[in-house]
Amino acid sequence: MASVTDSSEAAPAALRRSLGFRDLVVYGLLFIAPMAPVGVFGTLDATSHGAVALVYLAATVAMAFTAFSYAQMVRVAPQAGSVFTYAREGLGEGPGLIAGWMAMLDYLLIPAVAYLFSGIAMNALVPEVSRWVWTALAVAVTTLLNLWGVRAAARVGFAVLAMEIVVLLVFLAAAVAVLVQDGPRRGWLSPLTGDGSLGFSVAAVLGAVSVAVLSYLGFDAIASFAEEVTGGSARVARAVLFCLALTGVLFIAQTYLVALLSPFSSAELAADPAKQGPAFYDAVESSVGFWLHDLVAVGKAIGAAFAALAGQAAAGRLLFAMARERRLPRALARTSGGGTPRPALLAAATVTLVAAVWAARRDDGLDHLVSVVDVGALVAFTLLHASVVGWFVVKRMEGPPNWWKHLVAPALGAVVTVAVIVGASWTAQLVGAVWLAVGLVLLVAQRGRRDPEPDVHAGG
């Protein structure tokens, strides 16, 4: 049996520790995007009967269970593979492969959606250049930054995130000024209780929550940088929880204010789905002015590209970790440029580029991408929750379990993720099932073929 300390085996596994707490939060916030509700505000407002701020409050609580499970498992296995590694530790090799495989669908396609958003926004500002060209350019620029190194990308990402936060603060300040001067178009409590046009409904709010939780996808990418952070796994756990809490506050604040400014009732939005997409922009333009409309649009265009940068970086590290464990070609487990997993990053960028440009060249491309990106993450989240139970309750690897932290909380988190999967579109479920079937075939093909290796996990 070959020693894992041989230089030929150890070299590909080297990632350099250079990230601090702020860098982790930057990557998480970039991936999520501080103004993520802009595109789905109208849909959620119509679905929830006007209680859109309540929807995001409930969604934040729902996703807190997933964040808590990440915080538990990153201490167990502070490695680059994130949920792939956690499922291996808590459930075994097979579930680990499936968790990583399903997360891969999410990590490869969410950046494609973000790049396409950027291309669409830039094409609206400069229509002479096709949106697929803008999309490809965004992929090229952010890939070069990721190849430059995780620290350099984090610095540029911080500047972009600061810009996004400034745009959001300008919107919040302008909205408050308009509300103080002119008053709200809906009741002050309506974003929490419904606007009355359709009547309050718990079922309607819960239905909207199942969509709103998708706005948070990306905070989990923080865990994929566990091998590159200084200060230990506890810092990663804090960053995951902090990032979710901060985005929850930002989402609730902006949807509360824009709901008060909306020129349409939730009933009007429900009756005319064409109004739902631009509902956020319509509220801003009609109450504040066209200048803020353009500012928000530019912020979204740049922010989307750098959300994809964070997603591409996370995807590269997932591929790297799976290749290091011989679940993907070993060439993807090599590093260069001071510990940057360049082959894995280039592989992720290639898949993302093909998907994004294909979608950009089709009128229905965005719908196709958006319909399938979420199921992979939700299945991986479900296996994450099971991993917490497997490690702490079934295996009892750290002594008697804490029943709330290690059973009740992950069980509630799994209920949320399974409910969202059940409520997903038929197309998303079909693509997820096909992707899962391919993963199961890969698992069967690899059984008995991998050489037994000693445990090289870093431990807690």
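From a predicted model like this one, the values you see are computed outputs, not experimental measurements. (Residues numbered from 1 in each chain as written. Predicted model: local features only at pLDDT ≥ 70, side-chain atom pairs only at ≥ 80, totals over all residues. Heavy atoms only, no water.)

## Quick look at the overall build of the chain
What counts here: The helix and strand labels rest on DSSP assignments: H or I over at least four residues marks a helix, E over at least two residues marks a strand, and numbering proceeds from the N terminus. The globule rule used here is 2.2 Å times the number of residues to the 0.38 power, and the radius of gyration it is set against is calculated over C-alpha atoms. Whether a residue is buried, partly exposed or exposed follows from its accessible area with a 1.4 Å probe, protein chains only, as a fraction of its type maximum: under 20%, in between, or over 50%, in that order. Only heavy atoms matter for contacts: two residues are in contact if any of them lie within 4.5 Å across the pair. Areas reported as accessible are Shrake-Rupley estimates using a 1.4 Å probe. Residue values count occlusion only from the protein chains shown.
When helices and strands are counted, the chain shows 19 helices and zero strands. Taken over C-alpha atoms, the radius of gyration comes to 22 Å for the chain, in line with the 23 Å a tight globule of 460 residues would show. Seen through its C-alpha atoms, the chain measures out along the principal axes to roughly 75 × 50 × 40 Å. Here the chain holds 460 residues, and 55% of them are scored as buried. For the chain, the share of sequence-separated contacts (at least 6 apart) that also reach a separation of at least 24 residues comes to 82%. Of the accessible surface of the chain, which amounts to about 17700 Å², a share of 68% is contributed by carbon and sulfur atoms.

## Things to note about the packing of helix H7 (residues 131-148) against helix H14 (residues 290-324)
The following threshold applies: Helix axes are fitted to C-alpha atoms over the stretch in contact, other axes to C-alpha atoms as well, and angles between N-to-C directions run from 0 to 180 degrees. When an angle is under 35 degrees it counts as roughly parallel; over 145 it counts as roughly antiparallel; between 65 and 115 it counts as roughly perpendicular; any other value is oblique. Each helix crossing is assigned a hand: it is left-handed if the near helix lies turned anticlockwise from the far helix by less than a right angle, otherwise right-handed if that turn is clockwise. Residue classes follow a fixed rule: Ala, Val, Leu, Ile, Met, Phe, Trp, Tyr, Cys and Pro count as nonpolar, while Asp, Glu, Lys and Arg count as charged, and any other residue, Gly among them, counts as polar.
Put simply, H7 and H14 touch, their axes get as near as 9 Å, and they point 50° apart. When the axis of H7 is compared with that of H14, the two are oblique. Where H7 crosses over H14, the two elements pack in a sense that is right-handed. Residues Ala 138, Thr 142, Thr 143, Leu 145 and Asn 146 of H7 form the contact with H14, whose participating residues are Ala 305, Phe 306, Leu 309, Gln 312 and Ala 313. Counted by class, the contact of H7 with H14 contains six nonpolar, four polar and no charged residues.

## Brief notes about unusual backbone geometry
Even without glycine at this site, His 49 takes up a positive phi of about 65°. Of note, His 49 is situated in the loop between helix H3 (41-47) and helix H4 (52-76).

## With respect to the packing of aromatic side chains
What counts, and what does not: Centres within 6.5 Å are what make two rings of Phe, Tyr or Trp a pair, Trp counting through its six-membered ring; a difference in plane orientation under 30 degrees is then read as stacked, over 60 as edge-to-face, and the rest as tilted. Any Lys NZ or Arg CZ found within 6 Å of a ring centre and within 35 degrees of that ring's normal is scored as a charge over the ring.
Inspection of the entire model under this criterion finds nine aromatic pairs. Ring pairing ties together the aromatic residues Phe 41, Phe 171 and Phe 280, which thus form one cluster. In this arrangement the basic side chain of Arg 22 is found over the ring face of Phe 158, its NZ or CZ atom lying 4.0 Å from the centre. Above the plane of the ring of Trp 132 lies Arg 361, whose end atom (NZ or CZ) is 5.2 Å from the centre.

## Digging into H14
Under the convention used in this document: Take the residue count of a helix, subtract one, and multiply by 1.5 Å to get its expected span.
Compared with the 51 Å implied by 1.5 Å per residue over 35 residues, the 51 Å span of H14 between its first and last C-alpha is a close match. Of all 35 residues in H14, 28 are buried, a share of seventy percent or more. Once H14 finishes, Arg 326 follows within two positions and takes phi at roughly 65°, a positive value.

## Concerning the nonpolar core
Note that soluble globular proteins tend to have their nonpolar side chains buried in a common cluster. Selection rule: Only buried Ala, Val, Leu, Ile, Met, Phe, Trp, Tyr and Cys residues count toward a nonpolar core, and they belong to the same one when joined by side-chain atoms within 4.5 Å.
Of all hydrophobic cores here, the largest spans 143 residues; its most connected members are Tyr 27, Tyr 70, Phe 171 and Phe 219. Element by element, the count of residues in this core is highest for H14, at 18 residues. Beyond its immediate chain neighbours, meaning those up to four positions away, Phe 171 contacts Gln 254, Val 258, Phe 280, Val 284 and Leu 292.

## Some details on the side chain of Thr 340
On the secondary structure map, Thr 340 appears in the loop between H14 and helix H15 (342-360). What makes Thr 340 buried here is its relative accessible area of 4%. Not counting chain neighbours up to four residues away, the residues in contact with Thr 340 comprise Asn 146, Leu 147, Gly 149, Arg 334, Thr 335 and Leu 345.

## Side note on the environment of Thr 352
By secondary structure assignment, the location of Thr 352 is in helix H15. Once the C-alpha coordinates of Thr 352 and Ala 53 are considered, the two residues, 299 residues apart in sequence, prove to be 33 Å apart. Residues in contact with Thr 352, not counting those within four places in the same chain, are Leu 108, Pro 111, Ala 112 and Tyr 115.

## Digging into the pattern of salt bridges
We count it as follows: Here a salt bridge means any side-chain nitrogen of Lys or Arg lying within 4 Å of a carboxyl oxygen belonging to Asp or Glu.
Per the stated rule, a full pass over the model turns up five salt bridges. Residue Arg 88 pairs with Glu 325 through a salt bridge whose shortest N-O separation is 3.2 Å. In this pair, Arg 88 sits in helix H5 (residues 83-90) while Glu 325 sits in the loop between H14 and H15, placing the two residues 237 residues apart along the sequence. Pair check on accessibility: Arg 88 and Glu 325 agree, each one buried.

## Some words on the confidence of the model for the chain
Filter applied, for reference: One confidence number per residue, pLDDT, is output by the predictor and ranges from 0 to 100.
Scored by pLDDT, the chain comes out at a mean of 82, with 91% of its residues at no less than 70. Here helix H1 (residues 7-10) is the element of the chain with the lowest mean pLDDT, 40, and helix H9 (residues 190-193) is the one with the highest, 92. Segment residues 1-12 is flagged for pLDDT under 50; beyond a separation of four residues in sequence, or across chains, it makes 15 contacts in the model. Taken as a whole, residues 451-460 scores under 50 in pLDDT and shows 21 contacts with residues more than four places along the chain or in a different chain.

## Description of the environment of Ala 356
Along the polypeptide, Ala 356 turns up in helix H15. A relative accessible area of 0% places Ala 356 in the buried class. Taking the C-alpha atoms as reference, Ala 356 lies 8.6 Å from Ala 114; in sequence the two are 242 residues apart. Ignoring any residue separated from it by four or fewer positions in sequence, one finds Ala 356 in contact with Ala 112, Tyr 115, Leu 116 and Thr 135.

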